[in-house]
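# Chain and residue survey
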Amino acid sequence: MNRLRNAKIYVERAVKQKKIFTIQGCYPVIRCLLRRRGWVEKKMVHRSGPTLLPPQKDLDSSAMGDSDTTEDEDEDEDEEFQPSQLFDFDDLLKFDDLDGTHALMSRMVQNEIPYFIWTTRRDVLDCRFLSKDQMINHYARAGSFTTKVGLCLNLRNLPWFDEVDANSFFPRCYCLGAEDDKKAFIEDFWLTAARNVLKLVVKSEWKSYPIQAVEEEASGDKQPKKQEKNPVLVSPEFVDEALCACEEYLSNLAHMDIDKDLEAPLYLTPEGWSLFLQRYYQVVHEGAELRHLDTQVQRCEDILQQLQAVVPQIDMEGDRNIWIVKPGAKSRGRGIMCMDHLEEMLKLVNGNPVVMKDGNSVHLCNNSIQKHLENSCHRHPLLPPDNMWSSQRFQAHLQEMGAPNAWSTIIVPGMKDAVIHALQTSQDTVQCRKASFELYGADFVFGEDFQPWLIEINASPTMAPSTAVTARLCAGVQADTLRVVIDRMLDRNCDTGAFELIYKQPAVEVPQYVGIRLLVEGFTIKKPMAMCHRRMGVRPAVPLLTQRGSGEGKDSGTPTHSPSPLPQPPHQGPAAFSPCTPTPGPGPQTTAQQAGGH
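This is a predicted model, so every value here is computed, not measured.

## Section: the overall build of the chain
Scanning the chain from terminus to terminus reveals 19 helices and 17 strands. Per-residue burial for the chain yields a buried fraction of 43% across its 598 residues. Of the roughly 34900 Å² that the chain leaves accessible, carbon and sulfur atoms contribute 55%.

This is the structure:
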């Protein structure tokens, strides 16, 4: 009876202070820390259906990649929680429900409204049905930057928000389901192959050597040798084609083609590019000998120098034209393929089966993939068994490499800028709600110059302690999250742990819409009258263009044309990230990124 009386007093105080919370999934850290703050848990009722309330879906959400129903959060609900191996729970055991008190209090608040809601998926609850003081860990329509397609499309609007080129931190990306994007991707693949030929000439790789050396060798040594299989030879004319294609690209960027006839053919037609790619595949993938002239080497160096200034990703794209093809709304490495043949990628987009080799270990930095694989016996001996370093260990590695300042001067500032730009371009599509918050996981890769490249941003990153590093990291993230979203509401100067405010956009007042509709009204041009009519003084109709406000010209009986809304991106289909870049069509959304040549 004493325990019941104390529990009732505790619950009454929590209800009065609106400290009722509900959690979906296994989050012992969140539960224990909320109980420590005087909160009481209302057990979430598990329903048989996919959602407790119908999810909000906008007609245009699928076009922008922000649909709440098609996203695939990164949360691994099936992942087992094993605290005994990876996390010290001694400090949390005293908050465990050893005597059943918390279970008793949960039954007491079963009919109360929860004011803190934590779910693994955003479609579990519809934010439109929540009161303004109910806090939830999701934003609606966040797929504009948490899906590959959404991120790809929205970052193209970055020039409207900041004077930054998205290609400087986000690998080129195309939605292969959209016809315009698919054409742009094909042209990008062509030009990337041409640039790679110039790189191969300069680096003198793939058994390439000047023709003069071949002639000297042929004239100097006539000794009979053991007959070997003759390698395929690619002539210097192939290098000339690559040079001319790159020069034409630079000329177009400089608007040198402004007076060029629109019907004038390009240097290489699509059929010419097809033949070019066949020889490129022979050099890069089949070991063919690329011959070049000494005079071509300097031209290649000069053109590459000019391309360096206009193609920010020329160094990271490598020389093998490898692209990462992935579904537009999948996570944890599912559905990813690395491809380097244009024809195979186009077949994949068209729904034809693509023959893939067995065991294509992809997305090698993803623990959701690595935990199912065995470590290679040829791996570096200093790598940890779970294949994960903490940031402190990585900084120590940079120190050993002789780059002690790379972390603080290049990597961290670059990651912050990339995240800020992704959120800037998505702010008009994510549904604004003051009592919402959300944790996101951004994936980066670093180049040889330590430049960070944003790969994707995941919603609901898993908080399971899968490795020794994540056991410490995820517990700290959850604790700091509660500091930011709960403690900071009461004390703006409270400790926020490892979280820091990296950007605060000034409030902008939006002018009220007054309902004025501007339109252009015109008359069709009629055929001129006959000569006899002209003598009689009959004048032909003259086209008339007028600008009217709302409500004018309704009874004129003439056709009117109102400006169309801004063009919306087509329905996302497969997509491609550039050397490593995505486009609308049937089938699941897919993205492809170029992996580089290392």
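## A short note on the packing of helix 9 (residues 179–203) against helix 11 (residues 236–253)
In the contact formed by helix 9 and helix 11, the axes pass within 9 Å of each other and the chain directions differ by 125°. When the axes of helix 9 and helix 11 are compared, the pair comes out oblique. Taken as a pair, helix 9 and helix 11 cross one another with a handedness that is left-handed. Here Leu191, Ala194, Arg195, Val197, Leu198 and Val201 of helix 9 come into contact with helix 11, specifically with Phe238, Val239, Ala242, Leu243, Ala245, Cys246 and Tyr249.

## Examining the sheet that holds strand 4 (residues 135–136)
On the basis of which strands lie adjacent, the open sheet formed by four strands has the order 2-1-3-4 and parallel pairing. Edge positions in the sheet fall to strand 2 (40–41) and strand 4, since each of these pairs with one other strand and no more. In this structure, strand 1 (residues 20–23) lies alongside strand 3 (residues 116–118), joined through three bridges in parallel fashion. Counted as the bridge partner of isoleucine 23 is tryptophan 118 from strand 3.

## What to know about helix 8 (residues 148–155)
One turn of the α-helix equals 3.6 residues, which is why residues spaced by three or four share an orientation. With eight of eight residues buried, helix 8 lies mostly within the body of the structure. All of the buried residues along helix 8 are Lys148, Val149, Gly150, Leu151, Cys152, Leu153, Asn154 and Leu155.

## Examining the packing of aromatic side chains
Any two aromatic rings considered together are summarised by their centre-to-centre distance and by the angle between their planes. In total, this model carries 16 aromatic pairs according to the counting rule given. Here arginine 393 stacks its cationic end above the ring of tryptophan 389, 4.6 Å away from the centre of that ring.

## Notes on the confidence of the model for the chain
Looking at the chain as a whole, the pLDDT averages 77, with 69% of positions reaching at least 70. Under a pLDDT of 50 for its full length, residues 205–218 has, in the predicted model, 27 contacts with residues more than four places off or in other chains.

## Considerations on the side chain of arginine 172
You can see arginine 172 is positioned in the loop between helix 8 and strand 5 (173–174). Relative accessible area serves as the criterion here: at 9%, arginine 172 is assigned to the buried category. Side chain to side chain, arginine 172 and aspartate 188 meet in a polar contact 2.7 Å long. At a separation of 3.2 Å, a polar atom in the side chain of arginine 172 contacts the side chain of glutamate 317.

## Concerning helix 11
If you check helix 11, its first and last C-alpha atoms are 26 Å apart, about what 18 residues at 1.5 Å a residue would give, namely 26 Å. Every buried residue belonging to helix 11 is among Pro236, Phe238, Val239, Glu241, Ala242, Leu243, Ala245, Cys246 and Leu250, and all of these are buried. A positive phi of about 60° marks histidine 255, the residue just after helix 11.

## Some remarks on the packing of helix 11 against helix 12 (residues 270–285)
Between helix 11 and helix 12, the least distance of the axes is 11 Å, while the angle of their chain directions is 120°. It follows that helix 11 is oblique to helix 12 by the angle criterion. Here helix 11 and helix 12 pass one another in a crossing that is left-handed. Residues Phe238, Glu241, Ala242 and Ala245 of helix 11 pack against Trp273, Phe276, Arg279, Tyr280 and Val283 of helix 12.

## Section: a nonpolar patch on the surface
Together, Met1, Leu4 and Met108 line one region of the surface with nonpolar side chains, adding up to about 320 Å² of accessible area. Checked against the element boundaries, methionine 1 lands in the segment before helix 1 (2–16). Using a relative accessible area of 78% as the deciding quantity, one classes methionine 1 as exposed.

## Topic: the nonpolar core
Counting 44 residues, the largest nonpolar core has Phe276 and Leu290 as its most contacted members. Those elements that provide at least two residues to this core are helix 9, helix 11, helix 12, helix 13 (294–310), strand 9 (323–327), strand 10 (337–339) and helix 14 (342–349). Of all the elements, helix 9 adds the most residues to this core, at 11 residues. One finds Met415, Val430, Leu454 and Ile457 within the second-largest nonpolar core, a separate group that totals 28 residues.

## What about the pattern of salt bridges?
A complete count under the given rule lists 21 salt bridges for this structure. In this structure, arginine 121 and aspartate 123 form a salt bridge, with 3.4 Å as the shortest nitrogen-oxygen distance. The exposure class of aspartate 123 is buried, given its relative accessible area of 12%. One network of salt bridges, with partners in common, ties together Arg172, Asp188, Arg195, Lys199 and Glu317.

Each value, and the rule that gives it
Positions within a chain are numbered from 1, following the residues in the order the chain's sequence is written. With pLDDT at 70 or above as the cut-off, local features in this predicted model cover only qualifying residues; side-chain atom pairs require 80 or more to be listed or tallied, and sums for whole chains, interfaces and linings still use all residues. Values shown for side chains rest on all heavy atoms present in the structure; no hydrogens or waters enter the calculation. Numbering of helices and strands runs from the N terminus; a helix is a DSSP stretch of H or I covering at least four residues, while a strand is a stretch of E covering at least two. Burial here depends on accessible area, computed with a 1.4 Å probe over protein chains only, as a share of the maximum for the residue type. Under 20% is buried, over 50% is exposed, and the range in between is partly exposed. Reported accessibility uses the Shrake-Rupley method at a 1.4 Å probe radius. Residues are deemed covered only where the shown protein chains occlude them. In this description, a line fitted to the C-alpha atoms serves as the axis of each element, helices being fitted only across the stretch in contact, and the angle between N-to-C directions of two axes falls anywhere from 0 to 180 degrees. With respect to orientation, any angle under 35 degrees is reported as roughly parallel, any angle over 145 as roughly antiparallel, any angle of 65 to 115 as roughly perpendicular, and every other angle as oblique. Handedness of a crossing follows from how the near helix is turned relative to the far one, being left-handed for an anticlockwise turn of less than a right angle and right-handed for a clockwise one. A contact between two residues is defined here by any heavy atoms of the two lying within 4.5 Å. When DSSP finds two or more bridges between two strands, those strands count as paired. Here a pair means two rings of Phe, Tyr or Trp (six-membered ring of Trp) with centres within 6.5 Å. Their orientation is stacked below 30 degrees between planes, edge-to-face above 60, and tilted elsewhere. Our definition puts a charge over a ring when NZ of Lys or CZ of Arg is within 6 Å of the ring centre and also within 35 degrees of the ring normal. pLDDT is a per-residue confidence score from the predictor, ranging from 0 to 100. For the purposes of these results, a polar contact is taken to be a pair of N or O atoms within 3.5 Å, where, inside protein, one atom must be able to donate a hydrogen and its partner to accept one; residues adjacent in sequence count only when each atom of the pair is a side-chain atom. Take the residue count of a helix, subtract one, and multiply by 1.5 Å to get its expected span. To count toward a patch, a residue needs a relative accessible area over 30% and no salt bridge; like charges are then connected within 9 Å, while nonpolar side chains (Val, Leu, Ile, Met, Phe, Trp, Tyr) are connected within 5 Å. By convention in these notes, a salt bridge is any Lys or Arg side-chain nitrogen within 4 Å of a carboxyl oxygen on Asp or Glu. Residues enter a nonpolar core if they are buried and are Ala, Val, Leu, Ile, Met, Phe, Trp, Tyr or Cys, with the set joined through side-chain atoms within 4.5 Å.

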